[in-house]
Amino acid sequence: MNLNQLNFDSAAPGRGRPSGGFLICALLALLIPIAAPIVVAQEKEQNLAYADLLYSQKEYAKAARQYQIFIRENPTSPNVQSGWFRLGECYLQVGQAKDASTTFQHIVKSFKTGAYVGSAAYRLAVLSFNAKDYNSAVTNFEIAARELTSAEAKHQATYYHARSLQFTKQFDQSLALYDKVIKSNPDPSTNPFHERSLLESARIYFDKGEKDKAKELFLTLSKTATTQTIREESIVRAGLIAAEAGQIAESEEMLNQAFRFPDTSPWKSLAQVGAIFNAYSRQDYDRVISIYGSGSLAISEEYHAKMLLIVGHSYRIKGEANAASKIYSLLESKYPNKSEGMDAGYRKLQILHQQGTGSLPTEGRRYVERVKKINPKDPYIDTAMLMVAEFHFTQAEKGVARKDTAYAKKNYLLAANAYGEVREENIKDEFKPVRLYKQGWAYLEAGELENGILAISRFIKRFPDNPLAASALAKRGNTYQSVEDFTFALDDYQKIIEKYPNSPELELAMQQKALIYAHQRNLPKMIDSYEQLLKRFPNTSGKDEATYWIGVGHFDLEDYAKAIPPLELARRLNPEAFTNRTTIRMILAHYQLEQIPELTEAARTYIQSGRDAGVPSEAAKKDKRVPIPKPVLEYIGRKLAKDRKYEDAEFFLTHLSTPDSPKDTSATIWKVLAECRMSLQKYSESVPAWDNYLVLTEEPIEKGYAYLQRGKSQLALTNYDQARDSARECLRIVKQGRVNAEARILLGDIAAGEGDLEGAVREYLVVSQIFEDKEITPIALTKAINVYLSLGDQEEAAKLKNQLGAKFPDFRQ
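Only a predicted model underlies this, so the values are computations on that prediction, with no experimental measurement involved.

A.B. asks: Would you mind going over the overall build of the protein chain with me for this structure?
C.D. replies: Helix and strand counts for the protein chain come out as 42 helices and zero strands. Relative to the compact-globule value of 28 Å for 813 residues, the protein chain shows a C-alpha radius of gyration of 59 Å, a clear excess of over 25%. Taking the principal axes of its C-alpha atoms as reference, the protein chain extends roughly 205 × 55 × 40 Å. Within the protein chain, the proportion of its 813 residues that are buried is 50%. Long-range pairs, those at least 24 residues apart, make up 52% of the contacts in the protein chain with a sequence separation of at least 6. Looking at the protein chain as shown, the accessible area adds up to about 39,900 Å², and 49% of this sits on carbon and sulfur atoms.

A.B. asks: Just to check I follow, could you spell out the packing of aromatic side chains for this structure?
C.D. replies: Both the distance between ring centres and the angle between the ring planes are used here to describe each pair of aromatic rings. Within the structure shown, the criterion is met by 29 aromatic pairs. Ring centres of Phe-129 and Tyr-160 lie 5.8 Å apart, and the angle between their planes is 80°; on these two criteria the pair is classed as edge-to-face. Of this pair, Phe-129 sits in helix α6 (residues 115–130) while Tyr-160 sits in helix α8 (residues 151–167), and the two are 31 residues apart along the sequence. Exposure class is identical for Phe-129 and Tyr-160. Each is buried. With centroids separated by 5.1 Å and ring planes inclined at 85°, the aromatic side chains of Phe-651 and Phe-652 adopt a geometry described as edge-to-face.

A.B. asks: I keep staring at the packing of helix α34 (residues 646–656) against helix α35 (residues 667–679) and nothing clicks. Help me out?
C.D. replies: Interaxial distance between α34 and α35 falls to 9 Å at its minimum, and their mutual angle equals 140°. Taken together, the axes of α34 and α35 are oblique relative to one another. The handedness of the crossing between α34 and α35 comes out as left-handed. Two secondary-structure elements touch here, α34 through Tyr-646, Ala-649, Glu-650, Leu-653, Thr-654 and Leu-656 and α35 through Ile-669, Val-672, Leu-673, Cys-676, Arg-677 and Ser-679. The residue makeup of the contact of α34 with α35, split by class, is eight nonpolar, two polar and two charged.

A.B. asks: Sorry, what's going on with helix α17 (residues 321–334) here?
C.D. replies: Along an α-helix, residues three or four positions apart point the same way, because every turn accommodates 3.6 residues. An ideal rise of 1.5 Å per residue puts 20 Å on 14 residues; α17 measures up with 20 Å between its terminal C-alpha atoms. Looking at α17, one finds that the buried residues are Ala-321, Ala-324, Ser-325, Ile-327, Tyr-328, Leu-331 and Glu-332. Looking straight down α17, one finds its buried side chains confined to an arc of 165°; they lie on one side. Pointing more than 90 degrees away from the buried face of α17 are the exposed residues Asn-322, Lys-326 and Ser-333.

A.B. asks: Looking at this model, I keep getting lost on the side chain of Gln-439. Mind explaining?
C.D. replies: With respect to the secondary-structure elements, Gln-439 resides in helix α22 (residues 432–445). Judged by its relative accessible area of 7%, Gln-439 is buried.

A.B. asks: Can you help me understand the nonpolar core in this one?
C.D. replies: Of all hydrophobic cores here, the largest spans 104 residues; its most connected members are Tyr-67, Phe-104, Tyr-122, Val-236, Leu-270 and Val-273. Contact partners of Phe-104, with chain neighbours within four places excluded, come to Phe-85, Gly-88, Glu-89, Leu-92, Ala-120, Arg-123 and Leu-124.

A.B. asks: For this particular structure, what's the right way to read the pattern of salt bridges?
C.D. replies: Side-chain pairs of opposite charge can arise whenever the charged atoms involved come near each other. Considering all chains together, one arrives at 47 salt bridges under this definition. Lys-318 is the partner of Glu-320 in a salt bridge, and the nearest nitrogen-oxygen pair spans 4.0 Å. Looking at Glu-320, the relative accessible area reads 35%, which means it is partly exposed. Residue Arg-677 is joined to Glu-650 by a salt bridge in which the shortest nitrogen-to-oxygen separation is 3.3 Å. Linking Arg-677 in helix α35 with Glu-650 in helix α34, this pair joins segments that are 27 residues apart in sequence. On the basis of relative accessible area, Arg-677 is assigned to the buried category, the value being 9%. Bridged by salt links that share partners, the residues Arg-163, Glu-200, Arg-203, Glu-233 and Arg-237 form one connected network.

A.B. asks: I tried to follow helix α42 (residues 794–807) on my own but got confused; where do I start?
C.D. replies: Over its 14 residues, α42 extends 20 Å from the first C-alpha to the last, a length consistent with the 20 Å expected when each residue adds 1.5 Å. All of the buried residues along α42 are Ala-797, Leu-800 and Leu-804. Axial view of α42: buried residues confined to an arc of 65°, hence all on one face. Across α42 from its buried face, at more than 90 degrees, point the exposed residues Glu-795, Asn-802 and Ala-806.

A.B. asks: How should I be thinking about the environment of Val-632 in this particular structure?
C.D. replies: Along the chain, Val-632 turns up in helix α33 (residues 630–642). With relative accessibility at 3%, the residue Val-632 sits in the buried group. Sequence-wise, Val-632 and Leu-656 are 24 residues apart; in three dimensions their C-alpha atoms are separated by 9.9 Å. Among all residues touching Val-632, those that are not within four sequence positions of it are Ile-587, Leu-588, Tyr-591 and Leu-599.

Rules of the game
- What you see as residue numbers is a count from 1 along each chain, following the sequence as written.
- Restriction of local features to residues with pLDDT of at least 70 applies here, the model being predicted, together with a cutoff of 80 or more for giving and counting side-chain atom pairs; totals for whole chains, interfaces and linings are based on all residues.
- With hydrogens and water excluded, all non-hydrogen atoms of the structure serve as input to the side-chain values.
- Where helices and strands are cited, they refer to DSSP runs of H or I of at least four residues and of E of at least two residues respectively, numbered from the N terminus.
- Radius of gyration here is computed from C-alpha atoms only, and the compact-globule reference equals 2.2 Å multiplied by the residue count raised to the power 0.38.
- Partly exposed describes any residue whose relative accessible area lies between the buried limit of under 20% and the exposed limit of over 50%, with all areas from a 1.4 Å probe on protein chains only and scaled to the type maximum.
- By the convention used here, residues are in contact when the closest approach between their heavy atoms is within 4.5 Å.
- Under the convention used here, a 1.4 Å probe and the Shrake-Rupley method define accessible areas, while residue burial counts only the protein chains that appear.
- Ring pairs are drawn from Phe, Tyr and Trp, using the six-membered ring of Trp, whenever the two centres fall within 6.5 Å, and their geometry is named by plane angle: stacked under 30 degrees, edge-to-face over 60, tilted for the rest.
- Under this scheme, a helix contributes an axis fitted over its contacting stretch, all axes are lines through C-alpha atoms, and angles between N-to-C directions fall in the 0 to 180 degree range.
- With respect to orientation, any angle under 35 degrees is reported as roughly parallel, any angle over 145 as roughly antiparallel, any angle of 65 to 115 as roughly perpendicular, and every other angle as oblique.
- Each crossing gets its hand from how the near helix is turned against the far one by less than a right angle, where anticlockwise is left-handed and clockwise is right-handed.
- Three categories are distinguished: nonpolar for Ala, Val, Leu, Ile, Met, Phe, Trp, Tyr, Cys and Pro, charged for Asp, Glu, Lys and Arg, and polar for the others, with Gly belonging to the last.
- The span expected for a helix works out to 1.5 Å for each residue beyond the first.
- It is the directions from the helix axis to the C-beta atoms whose arc is reported.
- Take the buried Ala, Val, Leu, Ile, Met, Phe, Trp, Tyr and Cys residues and link them wherever side-chain atoms come within 4.5 Å; each set so joined is a nonpolar core.
- Whenever a carboxyl oxygen of Asp or Glu lies within 4 Å of a side-chain nitrogen of Lys or Arg, that contact is scored as a salt bridge.

Listed below in structure tokens is the structure:
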């Protein structure tokens, strides 16, 4: 670029950087003051005049040498500033820019004030401006604007001073100078910098984010600008600002004008971007995609990035995730350092998150590292990490669902660590409690109990009114409970009961509180806790269990009367799970209370259900079956036998007996069982019972009695020989007394059964003669009478009847 050109053409589209040129040489007559006549040092002035002549003839090298001679020989001449300035100009003309700059700097520093100082400062400012050294340009344009004497020149210097400030982002100072230029001459026809100053002011306001002010100036220019390029830019940019603000009607009014621009206008294509913005504001996403797909749009990077972002959003909202991802990827790669590029990367992560794509953690961390290099404080970093954490948390829950414990724990730990990387101050308030809650939960599920409890505790302290507060207390309480820190666990459950009585966790808290008391064997508090649970939740899913433990509590406290109703209810509520456990306790309770009918029914049902159980279900497997204690069964059997309820007695005693191992059953049980079977005429079953009794008993009288009863059963079975052997064995052991007498009667009965009536009557008469007993003797006499009658011996029968009547008048057979 020519050093004497200053770029300021504001007509080019974009952020406002000028292109094109303006010749400073055209302003030399304006900037260089005319020398006044000098009356002293005539010879030296002739040297200056000669130098000026050479300069006018474009003999710049020769002129430069003459100016150097003049300056050297006339350092105090009033025209020395003119000489220095012309010297600098000569250097410019011959391409010695560095020498020219040094010369102009000498003028500014040495002479401080004056028209030549202003002109020299201007030349320095131009050189700096064209070299994009805007800080130096700012200094020298300021001096030029102050020292130049021509109003037009001061005006121009002020404008470029403002431009230099604009490029150094000193926007407020720049705006003040533009305003000065505008107000100094508000007539565009005579102020060539009026429209330019308005345009640059609008651009600055736009860059500062004060888009309402920017739009106001663009609207003014759209109506008043005499330069076509300025007017076109103003129309389009006003329309774009309105479009971004959602002011669709106003935007379309402006953009419709732009659509009528010549096709050569660079702003016509940008108007299409405005149309995209407006379609997006109307939620006409199909229109957005249609305009974008209609062809190449030649627009600036600033709007290209915004447009791509809107197009990507439109695809995403329409559910076309793959198309949206492609646009976002293009935007991210093309504009990685722009806010739109970072936004696109974030939106792409959102899509991965919504799809549950496995690459989300890798892509998320890659995005985070990239954004950190640009702006380590960017909130997108933290939201991205939040998505990474959520991904791992979801994966962990899936692992739990499919019972893959290792996978679940791994992802819970990754989730917890990712939540920890999120800077809370950079995420929305609505996410803060959830982040802390899930971090604690994830740590606990991963087995990091200390970290988990700390995180959950911070959540509880900071967010006591959050809907998740009760859940957090429940989780912490459950954790304390798992490590048997019951004091803290009870405290958490009690807080739920007191502070969150309407929370879903209330039922769990009341239930776990009762279970802890059960574990501690604090039975009164356990009973009270379960009763409070049932009072608050009468239809709780754990009603059967709560009722069961209330019954168990009363049972263990030996309050058997209170234990029976809840145990019975628990069995009725869930017979599969609680039949065995409740029934055995109810049996023992009835036993302790000596409630025989209830005891009998409960014990019989329990025994019979065990016989018919078949293959147990899972619930039944947990309901472990405990045998009824032998003393209880014996008590039932003996009690029922005593009450002559032989059938019930025989049932329990049979269940208690061990025929395959007789010695494992007491002799008493075998005896009572045998007697019950005889009473029930189960003679074939009574015989082995008597046999087992005989093996176990050593007492002669008891052995004799057993042989006697066995013989009676054998007689009933018409096993005469076996019966006779039993009777004789009894007589061998018991020499006298009632048992002996009954054994003899038995021998008579056996003889009678075999048809040996004479032998039968002999045995009966022996008993009647040798044994005097109000029950046995009359029976023997009666049997003898009946035999005589059968034999037809009426006389003997009559004698015995008289004897029976005389000795035993009250006997009734």
